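# Close look at the chain arrangement
This is what each chain is made of:
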Amino acid sequence: MYELKFIIPEIFLSITIFTLLIFGVFKKNSFEIIYRLTILTIFSLILIILTGENQSAKIFSESFVVDKFSLYSKFLILVSCFFVLLISKKYIIDIKNDKFEYPIIILLSILGMFIIVSSNDLILFYLGLELQSLALYILASIDRDNIKSSEAGIKYFVLSALSSGLLLYGCSLVYGFTGSTNFDQIALMTVDFNTGIIFGMVFIIVGLAFKISAVPFHMWSPDVYEGSPTSVTSFFSVVPKIAGVSIFIKFMYLPFREILTEWQYILVFMSIASMILGAVAAIGQKNIKRLMAYSSIGHIGYAIAGIAAGSENGFKSTMVYISIYVVMNIGAFACILLMKRGNKYVEEIDELSGLSKNHPLISLGLLIILFSLAGIPPLAGFFAKFYIFMAVIESEMYTLAIIGLVTTVVSAFYYIRIIKVMYFDDARKPFEKIIDYKIHGPILLSCIILTSFFLYPSFLNEIVSKVSMF
Amino acid sequence: MNFPILSSITFLPLIGAFFVFLTKSDKGDNNRGAIYISIFTTFVNFFISLFLWYSFDTETSNFQFLEEINWISGFIKFKFGIDGISILFIILTTLITPICVISCINSVKIRLKEFLIAILVLETFMIGVFCSLDLVIFYLFFEAGLIPMFLIIGIWGGTRKVYSAFKFFLFTLLGSILMLIAIIAIYWITGTTDVTQIYEIKIPQEFQYLLWLAFFSSFAVKLPMWPVHTWLPDAHVEAPTAGSVILAAILLKMGGYGFLRFSVGMFPIASEYFTPLIFALSIIAVIYTSLVALMQDDMKKLIAYSSVAHMGFVTIGIFTFNKQGIEGSLIQMLSHGLISAALFLCVGVLYDRTHSRLIKTYGGIVQVLPKYSILFMVFALGTLGLPGTFGFVGEFLVLVGTFKVNILVAIIASIGVILAAAYILWLYKRVVFGKLENDQLKKIKDVNLSEGSILLFLCLLIIFFGFYPEPLLETIRVSVDNLINNYNLEITRNIALK
């Protein structure tokens, strides 16, 4: 029973999910109330995590770990999920998708992510991953009358199942050659070089890369991003990425830390490929959600570059990067969720033309967010990239740094292309005037964070140093 | 603790911009509140910077008005400070910005409020570049300036504004991104990004060459040097008048300032090694762009190319590594800052009246715009470096310095002076003299009070400093001496090592 107190958040979450589910089944038209209760749940989870047990522990035969690193990831997941739910409510109601299952599925996927980031064991990790993925498949196709949404769900499901298979195969190889599924045990066993473990590791990396849509396992993401309802896309682009990157870091620095030289080159390759593809493929996009998909592929490339550095600074820079990325993406999607004309939400970039005349404040916000995504100083996005390159150059990977910076310039091109549409092109009809503090609030918050970050840039660093696994 | 005067100069315009942002933008173009706030802010800033100059100690080469706070814990300090090299650029910036603000009141027809915000934010970034004594802070301000300038060109620009804005943005970004790698590499080599400390620690020779090239790529684009100058004519032509003025008068100077402060200061050995490269590129710039300027039919483009040629003199002067050369190039940057600003304002005056920048539209305007023609003449003569104007001092010193080092380069560069006379006088002749044939021109009015006073003010400055550049030279002398001494010490030490 002593161990249970460490998993209070997970227990609380599971109980809430089932209560809400039963409540939703028996009450008609319960979206509104369930939505509110979900927000409340997330909020109280944040409080539980902030005030809860502050000591590290490995429980359930060392298969489940509660430490500061996992708590930070959980905190980030909850906060971003909180804001994603806030900004997407109006959209969900507008597209008549206000089913009570929607927030519950999101909670389920969060439960999966909690298990992922806390797992210290291959089996537990896989269970969490599947729970999360199953919830995400349903989310992608939640707008089931829409053919694109269904297509997105099926596509995501088929490809993701394949990658899960690879991952599982990798896990079994690793287990076969080390004799254990526990991360710490695996780390001890990998000291002796062994081809079987390397094979297993490669398969695991492939599976993980798929989940965070790193090139060359990114093919699903543009289609899924475009097909899913925007509320789901905003969720996809933020929350699972945090969990994915956290577990990626954990795999690389915990079970596979002894074979750093083996995975480093794989990661460098994936990072370079993601950065280049994210930058180049986004140039021709006309749909803003597709563009955001390629943009997040590029950003994942930078995050992986930080992991590939293989040092403490690399770890820290990746965590800082993903935190800032979350802020920028939530802001960007909040702006996308305001693109409503007539009774229809529009997704073409050209529809933004003249936004600066019709909605000067929103376009100013989007301007800041886009420049930050492009990594132009003095905005927060610059510091995110700066830390990554600090770590990369510390590890003397100059090629990676130079390619990364050149792709920054290329990707700046498509971000400022959106700015061009907003500011330089002639105005179209204004969007519908939406006054909803649930959307404007996050935009404002995101802009304030991005612009004032330079006043005290070590803020995130200090937090991340505390949660460091080193 | 002393009053943080440098930070206040730097961030005052930002505060002003915030208040402009708060003013109500009525639909009409007259946004009085925004105008008054920005004029007030920029003038106050100008007077503070004059006070700065007044209290500046010209006897020492140390950095003055130092400010330092911990910024990124452990490794980067937010460090401000100025010496003789940077103070004059700060004053140039605070002088040019109010001029831009006043000039744009008449010429900017749409979204005046946003324009003023952009200009004020840009001023903060420009002053920050010249104040910062930490490489990361410097980079931050250096790059941040792209955002407002991109918007200025893109929103208020001419017909091909999108192309020009993108070209400007991407060229400069690509150039400076390599500098970022170099800055991070310097941090891992020396353990600090504080410029004053790097001056003392001294970067090992084997790293200097690559780092120098990385910094060079950034400054060469910004300056701009041949062959990466092509963004400049486009940007100038499409930018609104105030944008062109800031671009020519201040943004280009960041490149020259960067060469002096960072390339020469931190990598003396590499600087010496690459001097032939700089000389070659610079004389190509001087001759080639002067010839190109001769054949332009767009006034703004002509002045843009002449800027590239003048910046060629600047780089030649810096890399002579003697007193005359470096002082000359500093003076040349300041004089070019005033003269090119004035020339762009002159073009702006004509453009506001006729909406044409083509030379062939004009001819004989001396009959309708007599006052304007006199002022324009002073600036034209300043451009070609007539003795008695500010333009002469810089060019003369640079040539004197160059003769000491490399006679061939000096001779070729002198040809550039002749070509400058050719293109600017020919421009003047075609625009001002001749018959007044275009009917549209007969109705236009001479300069109004605000235009006239700005141009007259610049004109007086150009003549005054042409006759008496001593106050400026006195300010920069000790710092330049110190720079050259350090450079020579490093070079002799390096030779002794061999």
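Right above here is the structure, for reference.
Please read all numbers here as calculations on a predicted model, not as lab measurements.

Analysis parameters
Residues numbered from 1 in each chain as written. Chains lettered and ligands numbered in written order. Predicted model: local features only at pLDDT ≥ 70, side-chain atom pairs only at ≥ 80, totals over all residues. Heavy atoms only, no water. Helix = DSSP H or I, 4+ residues; strand = E, 2+ residues; numbered from the N terminus. Rg over C-alpha atoms; globule rule 2.2 N^0.38 Å. Buried < 20%, exposed > 50% of the residue type's maximum accessible area, 1.4 Å probe, protein only. Patch = residues over 30% accessible without salt bridge, like charges linked within 9 Å, V, L, I, M, F, W, Y side chains within 5 Å. Areas by Shrake-Rupley, 256 points an atom, 1.4 Å probe, with all protein chains shown as cover. Salt bridge = Lys/Arg side-chain N within 4 Å of Asp/Glu carboxyl O. Pairing = 2+ DSSP bridges. Contact = heavy atoms within 4.5 Å. Polar contact = N/O pair within 3.5 Å; in protein donor to acceptor, adjacent residues only side chain to side chain. Expected span 1.5 Å × (residues − 1). Phe/Tyr/Trp six-rings, centres within 6.5 Å; stacked < 30°, edge-to-face > 60°. Lys NZ or Arg CZ within 6 Å of the ring centre and 35° of its normal.

### What about the overall build of chain A?
- Counting its regular elements, chain A contains 19 helices and 4 strands.
- Over its C-alpha atoms chain A spans a radius of gyration of 21 Å, differing by no more than 12% from the 23 Å that the globule rule assigns to 470 residues.
- If you line up chain A on its principal axes, its C-alpha atoms span 65 × 60 × 40 Å.
- When the 470 residues of chain A are sorted by exposure, 65% land in the buried category.

### A word on a nonpolar patch on the surface
- On the surface, Leu-361 of chain A together with Ile-15, Phe-18, Phe-19, Phe-21 and Leu-22 of chain B cluster together to form a nonpolar patch covering roughly 620 Å² of accessible area.
- With 5 residues, helix α1 (residues 5-22) of chain B is the single largest residue contributor to the nonpolar patch.
- Secondary-structure assignment places Leu-22 of chain B in helix α1.
- On the basis of relative accessible area, Leu-22 of chain B is assigned to the exposed category, the value being 52%.

### Observations concerning the pairing of strand β2 (residues 76-82) of chain B
Residues and elements named next belong to chain B.
- Within β2, 6 of the 7 residues are buried, which leaves it mostly tucked inside the rest of the structure.
- Bridging between strand β1 (residues 64-72) and β2 involves 6 bridges; their strand directions are antiparallel. Looking at β2, one finds that Ile-69 is bridged to Phe-78.

### A short note on the interface of chain B and chain A
- On the chain A side, the residues contacting the 33 residues of chain B number 38 residues.
- Between the two partners, chain B and chain A, sit 0 salt bridges.
- For the pair chain B and chain A, the number of links is 4 residue pairs in polar contact (both at pLDDT 80 or more).
- For the side of chain B that touches chain A, the secondary structure elements donating two or more residues are β1, α5 (135-144), α6 (146-156) and α7 (161-190) of chain B.

### Re the pattern of salt bridges
- If you walk through the whole model with that rule in mind, you get 26 salt bridges over all chains.
- For Lys-77 of chain B, the salt bridge goes to Glu-68 of chain B, with nearest N and O atoms at 3.5 Å.
- Look at Lys-77 of chain B and you get partly exposed, because its relative accessible area is 35%.
- One continuous salt-bridge network, built from bridges that share partners, spans Lys-148, Glu-151, Lys-155, Asp-223, Glu-226 and Arg-290 of chain A.

### Some remarks on helix α4 (residues 112-131) of chain B
- With 20 residues, α4 of chain B should cover 28 Å at 1.5 Å per step; its first-to-last C-alpha distance of 29 Å lies within 8% of that length.
- For α4 of chain B, the tally of buried residues reaches 19 of 20 residues, placing the bulk of the element in the interior.

### Some remarks on the side chain of Asn-120 of chain A
- Tracing the chain through its elements places Asn-120 of chain A in the loop between α4 (101-118) and α5 (122-140).
- Here the side chain of Asn-120 of chain A touches Glu-62 of chain A through a polar contact of 3.1 Å, landing on its backbone oxygen.

### A closer look at the packing of aromatic side chains
- Tallied over the entire structure, the rule returns 74 aromatic pairs over all chains.
- With 4.6 Å between their ring centres and 65 degrees between their planes, Tyr-91 of chain A and Tyr-345 of chain A make a pair best called edge-to-face. Placement of Tyr-91 of chain A in helix α3 (residues 68-94) and of Tyr-345 of chain A in strand β4 (residues 344-345) is noted, with a sequence separation of 254 residues between them.
- On the basis of relative accessible area, Tyr-345 of chain A is assigned to the buried category, the value being 14%.
- Aromatic pair Tyr-137 of chain A and Phe-157 of chain A: ring centres 5.0 Å apart, planes at 80 degrees, arrangement edge-to-face. Taken together, the residues Tyr-137 of chain A in helix α5 and Phe-157 of chain A in helix α6 (residues 147-178) connect sequence positions 20 residues apart.
- A relative accessible area of 7% means that Tyr-137 of chain A is categorised as buried.
- The ring of Tyr-302 of chain A carries Lys-385 of chain A above its face, with NZ or CZ at 4.7 Å from the centroid.
- It is Lys-113 of chain B that lies over the ring of Phe-21 of chain B; its NZ or CZ is 5.8 Å from the centre.

### Focus: unusual backbone geometry
All names here are of chain B.
- Between Leu-223 and Pro-224 the backbone carries a cis peptide bond, its omega angle lying at -10 degrees.
- For Pro-224, the position within the fold is in the loop between α9 (205-222) and α10 (231-238).
- Backbone torsion omega between Trp-226 and Pro-227 reads 0 degrees, so that peptide bond is classified as cis.
- One can find Pro-227 in the loop between α9 and α10.

Nothing here speaks to function; it is all geometry.
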